[in-house]
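What follows is the residue order along each chain.
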Amino acid sequence: MTKLIIFDLDGTLLDTLKDIADACNFALAQCGCPPHRLEEYNLLVGRGISNLFRGALPEDNRTDENIEAMRSHFVPYYREHICDSTLPYDGIYGMLDALAEKGVRFAIASNKYQEGTEQLYRHFFGKYGFTCVAGQKEGRPIKPDPEIIFEAMSASGDVKKEETIYCGDSDVDMLTGHNAGVRTIGAAWGFRGRKELESCPHWLIAENPEEILMAVKAESE
């Protein structure tokens, strides 16, 4: 029986793409670099903020100095505009409400930097009392390293691997759950789509949050 579901954030619980793209394009402009189209960010996000900047910068500008310059422009802008367009995907609140009634605990494990992860959690999901809200921090390896999953499990009390699910929208998320030895659910509504998710080990590919709820309910029937 499932006791804990750990969620990725961007592309899984929240559609954050436009706000990320706007902030990154602002930072690019401040650095004298051309912007990217919104759809290009589907493949740029999900591997941590430094890799976002590295991918967004022109190939001959991908220096550590320019990545830090991008960060100095991106973070203050994104802090102010983080919820301009961001919203939960359809069905997320209904799924969380129903699972919470069943006693399932929730956590977040994201490659988004910690400040941004916490800011979005407080704005959209604070009422649910997630047991752990883990983003990218200095000294913690990024996904697909499983350390962030183990941290979330440890913060959630007496939870075994077989009682834990990790849900995300990318190959990185599927590999993270696999590396941690927990079941993985692919969020096909997110940034990457079903094809990428199916290429990795998984327990379930869900087309919508309702399918996650049904899968967890089926365990107890």
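Residues numbered from 1 in each chain as written. Predicted model: local features only at pLDDT ≥ 70, side-chain atom pairs only at ≥ 80, totals over all residues. Heavy atoms only, no water.

### So, the overall build of the protein chain
And step 1. Secondary structure assignment for the protein chain yields 10 helices and eight strands.
And step 2. Expected size for 221 residues packed as a compact globule is a radius of gyration near 17 Å; at 17 Å, the protein chain falls within 12% of this value.
And step 3. In terms of overall dimensions, the protein chain has a C-alpha envelope of 60 × 30 × 30 Å along the principal axes.
And step 4. Counting only residues that meet the buried cut, the protein chain has 52% of its 221 residues in that class.
And step 5. Accessible surface for the protein chain amounts to roughly 9800 Å². Of this, 49% is attributable to carbon and sulfur atoms. (Helix = DSSP H or I, 4+ residues; strand = E, 2+ residues; numbered from the N terminus. Rg over C-alpha atoms; globule rule 2.2 N^0.38 Å. Buried < 20%, exposed > 50% of the residue type's maximum accessible area, 1.4 Å probe, protein only. Areas by Shrake-Rupley, 256 points an atom, 1.4 Å probe, with all protein chains shown as cover.)

### Things to note about the pairing of strand β5 (residues 132-136)
And step 1. Of all five residues that make up β5, four are buried, and the element is covered over most of its length.
And step 2. Across four bridges, the pairing between strand β4 (residues 105-113) and β5 is parallel. Bridging across to β5, Ala-107 finds its partner in Cys-132. (Pairing = 2+ DSSP bridges.)

### Looking at the packing of aromatic side chains
And step 1. Under the defined criterion, the tally for this structure stands at 12 aromatic pairs.
And step 2. Relative to Phe-130, the ring of Phe-106 lies with its centre 5.5 Å away and its plane at 50°, an arrangement referred to as tilted. Taken as a pair, Phe-106 in strand β4 and Phe-130 in the loop between α6 (114-125) and β5 lie far apart in primary sequence, 24 residues in all. Neither residue differs from the other here; Phe-106 and Phe-130 are each classed as buried.
And step 3. With centroids separated by 6.2 Å and ring planes inclined at 50°, the aromatic side chains of Phe-124 and Phe-125 adopt a geometry described as tilted. Note on accessibility: Phe-124 and Phe-125 belong to one class, buried.
And step 4. In this structure an aromatic cluster arises from ring pairing among Phe-7, Tyr-93, Phe-106, Tyr-121, Phe-124, Phe-125, Tyr-128 and Phe-130. (Phe/Tyr/Trp six-rings, centres within 6.5 Å; stacked < 30°, edge-to-face > 60°.)

### With respect to the sheet that holds β4
Within a sheet, neighbouring strands are paired by backbone hydrogen bonds and run either parallel or antiparallel to one another.
And step 1. Read from one edge of the open sheet, six strands run β5-β4-β1-β6-β7-β8, paired in parallel fashion. A single partner strand is all that each edge strand has here, and the edge strands are β5 and β8 (204-206). Sheet twist, expressed as the mean angle between neighbouring strand axes with direction ignored, is 20°.
And step 2. Direction of pairing for strand β1 (residues 4-7) relative to β4: parallel, over a ladder of four bridges. Of the residues in β4, the one forming a bridge with Ile-5 is Phe-106.
And step 3. Its contacts with the sheet put α6 on β4 and β5, and the angle it makes with β4 is roughly 140°. (Axes fitted to C-alpha atoms, helices over the stretch in contact; angles between N-to-C directions. Contact = heavy atoms within 4.5 Å.)

### Remarks on helix α4 (residues 64-81)
Residues spaced three or four apart along an α-helix point in a common direction, a consequence of the helix completing one turn every 3.6 residues.
And step 1. With 18 residues, α4 extends 25 Å from end C-alpha to end C-alpha; this agrees with the ideal 26 Å at 1.5 Å per step.
And step 2. Ile-67, Met-70, Phe-74, Val-75 and Tyr-78 are the residues of α4 that are buried.
And step 3. Tucked inside the fold, the buried residues of α4 contact α1 (17-30), α3 (49-56), β4 and α6. (Expected span 1.5 Å × (residues − 1).)

### Brief notes about α6
And step 1. Relative to the 16 Å expected for 12 residues at 1.5 Å per residue, α6 spans 15 Å between its end C-alpha atoms, a close match to the ideal helical length.
And step 2. Within the sequence span of α6, burial applies to Gln-114, Gly-116, Thr-117, Gln-119, Leu-120, Tyr-121, Phe-124 and Phe-125.
And step 3. For α6, the elements touching its buried residues are β2 (14-15), α4, β3 (87-88), α5 (92-101), β4 and β5.

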